Amino acid sequence: MPGKLKAKIVAGRHLPVMDRASDLTDAFVEVKFGNTTFKTDVFPKSLNPQWNSEWFKFEVDDEDLQDEPLQITVLDHDTYSANDAIGKVYIDIDPLLSIEAATRISGWFPIYDTIHGIRGEINVVVKVDLFNDLNCFRQSSCGVKFFCTTSIPRCYRAALVHGFVEELVVNEDPEYQWIDRIRTPRASNEARQRLISLMSGELQRKIGLKVLEMGGNAVVGYLQCFDLEGESGLVVRAIGTACTLDKLSPGTAPNTTTHTNAHPNTAPASNACNSPSKDSKEPVFSEDLPHPFSGPPTPFRTLPSSTSSPPPFSPSKPCSRQSSSSDTDVSLTPKMGMGSGGSAGKETGPLKTLIRQQTQSALEQREFPFFTLTFFPPGFLVHVGGVVSARSVKLLDRIHNPDEPETRDAWWEEIRQEIKSHARALGCHAVVGYSESTSICEEVCILSASGTAAMLNPRFMREGCLDTGGSDHRLSRQPPLVVAGSERNDTEVGSAWLGFEDASPPSCGFCHIPYDEFNMPFPAQLTNCYRCRRQKVPDVLFTTIDLPAEAAVTGKGCLIQARLCRTKKKAQGEVNATAISNLLPFMEYELHTQLMNKLKLRSMNALFGLRIQISVGENMLLGLASATGVYLSALPAPSGIQIAGKTPNDVNYEQHISTMQKRINDTIAKNKELYNIHPPKLFTLDPEAFTGLNTESLEEVVGSPIPDRQRSRLFRSTSESSDDLSELDLSHGKKDAFVLEIDDTDAVEDIQSLLTDAPLPSGFYSCNTEVMPGIHNWTPSLQMFTSVRVYRLSNANLTNHGLNKIFTELCENLLKTLYFKLRSMIPCCLCHVNFTVAAPEEELIQVAVTAVAMSFDKETQQAADKTVKKGSADNEEQLQFSMELPAETSINQPTTRPSGVSESAMVHSSSRDRCSTWLELLRLKAHTIRRGSVKTISSSERCSPLPDGRSRSLRSTRSLPCGAPVSVVKMTPLSFLPATRIVKYLGIINMFFIRETTSLREEGGVSGFLHSFIAEVFAMVRAHVAALGGNAVVSYSMKECVFMENPNKNQAQCLINVSGDAVIFVRESDQEATPPLVTSSTAADGAT
Amino acid sequence: MSVELDVFVGNTTIMDEEVYQFWLDGYTVNDAVKVRMEGGVLEECETSAEVLYSDTMDQYRTFQMCERLLHSPAKLANQLLFQIPPHRQAMLIERYYAFDGLFVREVLGKKLSKGTKKDLDDVSAKTGITLKSCRRQFDNFKRVFKVVEELKGPLVENIRQHFLLSDKLARDYAAIVFFANNRFETGKKKLYYLTFQDFAFCAGLLISKWTVGAMDNMVEDMDVDLEKQFLQDLKDLKILITDKDLLDQHKSLVCTALRGKTNVFNEIEANFKNLSRGLINIAAKLTNTKDVRDFFIDLVEKFIEPCRSDKWTSGDILLFLTHYTNSAHMLDSFKHQVLWDRYMGVIKSCILKMYHE
């Protein structure tokens, strides 16, 4: 009996008129928790009632505290008839259960009704008194912190990382219960919302218990999903990474977070970087860090290994594959071993074995050595093998016993085993950047899981390692706070290059292949690493993780998408499932080919944040792969794309081919410019290292004669881990030139579509990872948005190709609209672009995008670019940039405040076109200012970033009758906010809403309906965050957006599930007074 | 293939001021797209008509959703649905309540009733302003009128506080409310030449000098009505024209002062009695609601037109009215000095504003 929940209803405002006669409302409030309900008095005849109620107290188990939401219902009192409900507010009180999170919830909440949307607001205060519970058999897990963020949260350090946690709960969907026929839509929706809220609570509690069992206190990278299985039920499942997190003292900035342990060799920053120290692991491209405070390079340990050391890892060891217990299982799970790898040559063989032995002990004992994290402390990732993914098609049947969700558990178990075995095949013992998803259509369900096979650093696996090794990593990886290229980096660059006695310098180590060079799991083209020249790297690398901070990247990155649409016959049951599973491997293959082509077209060699979604509809399958392409300096330059015709005698045809070839070559050249990809020429230091390498890689490959070779092979082989699975090999043979063969019209169109990808408008960049390599100097101005489109395919008999074209156009158009909408933020980058596709009905395609646009500072950007270039070009004869770029410029400019920047950028901007855009922008602003006789607080939007919104709005508002204005809450899908510092995590936001209408036309049609619903969801998220005392949501995502319509009946329904972490941030500039962070932190460390 | 649904929602609500203006001006989405395309935005932003349409549509929807809030601007600041930076909020409100000079001239002084609203299509046809825009403007007038009608205290300040408008716009609305309340006739042909700003200026003077609030701004509820007692007292000014001696004396004082200072001296001398009678009669009749309505037309007929036909300059008018006002103080038997100043101060400024050479 360990908790007392207290709630107080203060007031309401903007209530709807419930009594037509008086144009007023007699409102009162019911406050319900569990089975206890309290009521306020009726506040008669007012749209802005002041209840000022007493404290309603609920004495409850902490188990209930975790599961149940506080339910507040606002009603209109009616003397003669039943009271009318105005709307509800559900408050998740979980954030109050952890000492470190929020202390109370207090603020204005939108009153939400599933039929009418937001109807006014209510001011509520909620507190919890928790008593200590020492019961070891407890069912609750109060105090376990949850984070959606997929890296170690910024004001924490990870003392221990325990590993993978998962859980799922199932229930009957109220929408499909018999009672639903007799109750109102409102009642049905509310039952559903409440049930899901309960289930999420329960799920979170259960996962929390597992974490406590493991000895942890937090879940990072928490990913919760709903499967609306229709008739067969409702599944809520979640995965995450259990950790033990230590809160960093508020004094230490997250940038400096790292040094909680004493580092004897920690010198003040200036020293460390000026001395050509032995820190060979010094990241060469410190400026290349995504942004100045990307992820705390937290120490990372795991559980101590068990006493008996297991035998050395053998990739061929068969993994026990559990065959599914369900007889409906008709799955054919295509396996993907994506990307190719390289190995670390002979001389590192023993080392590798050692690493394996060490890490294995820690990881092997776990059932699933999976990590949902996508961003890691530097040095943590030793090698990355490539993407591993598994899919399985299942037939849904009714969940008979909700308390025993065995079938679903078994399904996922099976998939995870498969992932694990794939990872092993790639010579890896762990999977990072792991995620799971489903796509359901009628009774068919595709389960998917994917991740990146990786080797983790044994140093991070040992207890106590943090005091000795690794410290150098952590220190050095911190870039100076001064954003863009300070001179520090210049000096660093030269020295860092020389001598590495260790196996893998951080800037390239993770690229080195983890598997054995002579026993490769799939054919791949290996070369010696272009940075250290010691070890083998693959020609391309695909991963699901974010770009490691220490990675050396040439130029900028960009969003790369592969889109695919396949028709499928309508079918039922097993036939349908079989048809789908037969299609899957081909889809994966096509998507992969597309990705590869597009990657090469952009002259890049690696993909990060790869996410492949395959969505099933009644008569089609949609595939969408998104990733961020980059040029990893450690990997060889990609070869060009060569096209070859089948009928060499036809002159016209030849002509056609050569035009096309020219277009491709032009595009590649253009892209190189656009993304600033000017890789250094091969150095000639160690000719031997390059003997195996064709010199073509940087020459114009495209001109070389066309080898008569198939563009890639699809072959089947029995993998060692399973006996009945087909294996797809997606690597593309030898790579001296990448050949596209045009043998039919399809192929021609493929190439056409390859080339028709709309170019980015100038001033824009895009990526689906946390940040863009090569861009720093983010301004605080950002805009998170969600855009949803539904297309109706009017033409019933579309070919696959027609469909593909339409689908591609769809996505391209959507992107174009985004660029146009956000043009006022130029120069800017769309980050974390997350597409979700679905085929909700026959002939309907739904595409939803959530992303954030972040402005950066052009002027300093260029300076930084040049510094980077200078650094990278250092060793090479080919200096792209003249050296006269004075160091002072780069030092002076970086910290210019955004407001000043627009001017300076206009004056200095070297690039002519940018300059004109700027002028354009200013002209526009001037125009607007002239047009409206408005007293703008600041003349342009850019210059009035929101962060200080609270104070700003206070100042600016003219005397308002209705109290203080609403405080600004920022939202971002990223784990950070540029130019700010997160000082506190207040708890997880996980909300589920249903909205329904029976007057679709009156609400502005489907668009009007969804527009207001999404706006309402945002508003409710913001309100909850503000009530927790926060001013931003990070790692925000919209996990589910299910939209159904019936225009004939004038009805529509939509379900949305969103999640994120509520935080408090402060502006970086507020901290500017605190000088050199490293020194200050060192001082702090000294105390330990 | 057709787009069935297309929405974009930003955490901070994105609003394009140009599109907002199109929306306010009552353009259809298609027309707005056309105009935007002509503006060269396609080339500038490397985009397509489709994108432009989608964007315009989306913005229109946003504005429609905001419109409800704009009806009581104070709500905009503390609603939760749209996150709009304060300076944008101010812009939205200010633009929403902005009106066309042409339009307001058509309805100025008319009763803000359903009947008037029904005639808006005529107004729209006449002014070339879209009906939609006319309706918005008309509804704005009506809304402001209804709210301030029941409020105490100074009119301009009330409008400013309740509708969060700029001072300038609040004053204009005060004028509109004042005209609507007193039903001043402004639509007669003779008054066509006057702009809204001319009237607004006069309204400002009347509000600040002739209403109850003008003397003691917290006493009564209204800035909207002219002070009854004052109007009653104005009858006393009649002595200036009924008393033959006083009239002659007044004339000679004025003429003496003006001799040699103006080119139209002869006309002044010849017309003095007529002009003076005109002005005083206006004052004397103001107790009649009907005559209050004709206030402006009377000023034009009785004073401005005669002067204009004699080709007075504004300077002449100023000179004449100044001396005309001041000379009255020198008349021993004229006892209503304060009243006279209160009356003539406004009349003088009004005439000067209304006199277009």
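Remember, it's a predicted structure, so these values are computed and weren't measured experimentally.

S.K.: Please give an account of the pairing of strand 5 (residues 70-76) of chain A that cites residues and values.
M.R.: Residue and element names in this part refer to chain A. Summarising burial for strand 5: 7 of the 7 residues are buried, a large majority. Pairing analysis gives 6 bridges linking strand 2 (residues 27-33) to strand 5, with the strands arranged antiparallel. In the strand pairing of strand 5, Val-31 is matched with Ile-72. In the sheet, strand 5 pairs with strand 6 (residues 84-91) via 7 bridges, with the strands oriented antiparallel. For Val-74, the partnering residue across the bridge sits in strand 6 and is Gly-87.

S.K.: I'd like a description of the sheet that holds strand 27 (residues 778-792) of chain A, backed by residues and values.
M.R.: Consider a sheet: its strands pair through backbone hydrogen bonds, and that pairing is either parallel or antiparallel. Within the open sheet, the 5 strands sit side by side as 26(A)-28(A)-29(A)-27(A)-1(B). Their pairing is mixed. With one partner strand each, in any of the chains shown, strand 26 (764-766) of chain A together with strand 1 (2-10) of chain B form the two edges of the open sheet. Taking the axes of each pair of neighbouring strands and ignoring which way they run, one obtains an average angle of 25 degrees across the sheet. As paired elements, strand 26 of chain A and strand 28 (residues 828-838) of chain A share 3 bridges and run parallel to each other. From the neighbouring strand, Phe-764 of chain A faces strand 28 of chain A, where its bridge partner is Cys-828 of chain A.

S.K.: Account for the pattern of salt bridges, with residues named and values stated.
M.R.: Here the structure, examined in full by the defined rule, presents 48 salt bridges over all chains. The partner of Glu-229 of chain A in a salt bridge is Arg-408 of chain A, and the shortest N-O contact between them spans 2.6 Å. With a gap of 179 residues between them, Glu-229 of chain A in the loop between strand 11 (218-228) and strand 12 (234-247) and Arg-408 of chain A in helix 5 (residues 406-425) connect regions that are remote in the sequence. With respect to burial, Glu-229 of chain A and Arg-408 of chain A carry one shared label: buried. Residue Asp-58 of chain B pairs with Lys-821 of chain A through a salt bridge whose shortest N-O separation is 3.0 Å. Pair noted here: Asp-58 of chain B is in helix 4 (residues 49-70) and Lys-821 of chain A is in helix 13 (residues 800-821), and the two residues belong to different chains. In this structure Lys-821 of chain A comes out as buried when scored by relative accessible area, which is 6%.

S.K.: Got a sec to walk through the environment of Glu-227 of chain B? Specific residues and values, please.
M.R.: All names here are of chain B. Note that Glu-227 resides in the loop between helix 14 (212-215) and helix 15 (228-234). The class for Glu-227 is buried, based on a relative accessible area of 18%. Residues Glu-227 and Leu-169, 58 residues apart in the sequence, show an inter-C-alpha distance of 25 Å.

S.K.: Which residues make up the sheet that holds strand 11 of chain A, and what values do they have?
M.R.: Residues and elements named next belong to chain A. With mixed pairing, 4 strands are arranged side by side in an open sheet as 9-11-12-10. This sheet does not close on itself; its edge strands, each paired only once, are strand 9 (145-146) and strand 10 (156-171). Two elements, strand 11 and strand 12, share 9 bridges in a ladder whose sense is antiparallel. Within the sheet, the bridge partner assigned to Phe-226 lies in strand 12 and is Val-236. Along the sheet, helix 2 (residues 185-214) contacts strand 9, strand 10, strand 11 and strand 12; its crossing angle with strand 10, the most-contacted strand, is approximately 135 degrees. Sheet contacts for helix 5: strand 10 and strand 12; angle to strand 10, the most-contacted strand, approximately 135 degrees.

S.K.: Give me the lowdown on empty space enclosed by the protein, citing residues and values where you can.
M.R.: Empty space among the atoms becomes apparent when a probe as large as a water molecule is rolled across them. All names here are of chain A. Estimated volume of the largest cavity: approximately 480 Å³. Sorting the residues of the lining of the largest cavity by element identifies helix 1 (62-67), strand 6, strand 7 (105-113), helix 2, strand 31 (980-997) and helix 19 (1005-1027) as the ones contributing at least two each. Residues belonging to the lining of the largest cavity are distributed by class as follows: 18 nonpolar, 9 polar and 5 charged. If you add up the space inside the second largest cavity, you get close to 160 Å³. In this structure, the second largest cavity is lined by 20 residues; those nearest its centre are Ser-98, Val-144, Lys-145, Phe-146 and Gly-987. Those elements that provide at least two residues to the lining of the second largest cavity are strand 9 and strand 31. The element contributing the most residues to the lining of the second largest cavity is strand 31, with 4 residues. Among the residues forming the lining of the second largest cavity, the class breakdown is 11 nonpolar, 6 polar and 3 charged.

S.K.: Describe the interface of chain B and chain A, naming the residues involved and giving the relevant values.
M.R.: With 54 residues of chain B in contact, the opposing surface of chain A contributes 77 residues. Taking both sides of the interface into account, the surface hidden between chain B and chain A amounts to around 5700 Å²; carbon and sulfur atoms contribute 59%. On the surface where chain B and chain A come into contact, there are 5 salt bridges. Elements represented by at least two residues in the side of chain B that touches chain A include exactly strand 1, helix 1 (17-24), helix 3 (41-44), helix 4, helix 5 (73-78) and helix 6 (86-97) of chain B. Ranked by the residues each element gives to the side of chain B that touches chain A, the list is headed by helix 4 of chain B, at 10 residues. Classifying every residue of the side of chain B that touches chain A by side-chain character gives 23 nonpolar, 15 polar and 16 charged.

S.K.: With reference to specific residues and values, describe the confidence of the model for chain A.
M.R.: Residue and element names in this part refer to chain A. Looking at chain A, the pLDDT average stands at 70 and 63% of residues meet or exceed 70. When the criterion is pLDDT under 50, residues 462-503 qualifies, and its contacts beyond four places in sequence or with other chains add up to 120 contacts. The low-confidence segment residues 1072-1088, where pLDDT is below 50, has 19 contacts with residues more than four positions distant or belonging to other chains.

S.K.: Tell me about the packing of helix 21 (residues 314-329) of chain B against helix 22 (residues 337-354) of chain B, and name the residues and values.
M.R.: All names here are of chain B. For the pair helix 21 and helix 22, interaxial distance at closest approach is 10 Å and the crossing angle is 175 degrees. In terms of axis orientation, helix 21 runs roughly antiparallel to helix 22. Counted together, Ser-314, Ile-317, Leu-318, Leu-321, Thr-322, Tyr-324, Thr-325, Ala-328 and His-329 of helix 21 and Gln-337, Trp-340, Asp-341, Met-344, Lys-348, Ile-351 and Leu-352 of helix 22 form the full contact between these two elements. Grouping the amino acids of the contact of helix 21 with helix 22 by side-chain chemistry returns 9 nonpolar, 5 polar and 2 charged.

Conventions we followed
Counting starts from 1 at the beginning of each chain's written sequence and moves along it residue by residue. Chains and ligands are labelled sequentially in the order written, the chains with letters from A and the ligands with numbers from 1. Only residues with pLDDT of 70 or above have their local features reported here, since the model is predicted, and side-chain atom pairs are shown and tallied only from 80 upward, although totals for entire chains, interfaces and linings are computed over all residues. The side-chain numbers reported here are obtained from all heavy atoms of the structure, hydrogens and water having been left aside. Here the term buried applies to any residue with accessible area under 20% of the maximum for its type, exposed to any over 50%, and partly exposed to those in between, with areas from a 1.4 Å probe on protein chains only. Segments assigned H or I by DSSP are reported as helices when at least four residues long, segments assigned E as strands when at least two residues long, and all are numbered from the N terminus. Here, any two strands with at least 2 DSSP bridges between them count as paired. In this analysis an axis means a line fitted to C-alpha atoms, helices contributing only their contacting stretch, and an angle means the value between N-to-C directions, from 0 to 180 degrees. Any Lys or Arg side-chain nitrogen found within 4 Å of a carboxyl oxygen on Asp or Glu counts as a salt bridge. Contact criterion: two residues are considered in contact whenever any of their non-hydrogen atoms come within 4.5 Å of each other. In this analysis, the protein atoms alone were mapped onto a 1 Å grid. Cavities are point sets where a 1.4 Å probe fits without being able to get out; pockets are open sets with protein on both sides within 12 Å along at least five of seven lines; lining residues have an atom within 4 Å of a point. Grid points are joined across faces, edges and corners, and a volume is the space filled by probe spheres set on the points. Side-chain classes follow a simple rule in which Ala, Val, Leu, Ile, Met, Phe, Trp, Tyr, Cys and Pro form the nonpolar group, Asp, Glu, Lys and Arg form the charged group, and the remainder, Gly included, forms the polar group. Put simply, buried area is how much 1.4 Å-probe accessible surface two parts lose in total, over both of them, once they are put together. The score called pLDDT rates the predictor's confidence residue by residue, from a low of 0 to a high of 100. To sort the angles, those under 35 degrees are grouped as roughly parallel, those over 145 as roughly antiparallel, those from 65 to 115 as roughly perpendicular, and the leftovers as oblique.

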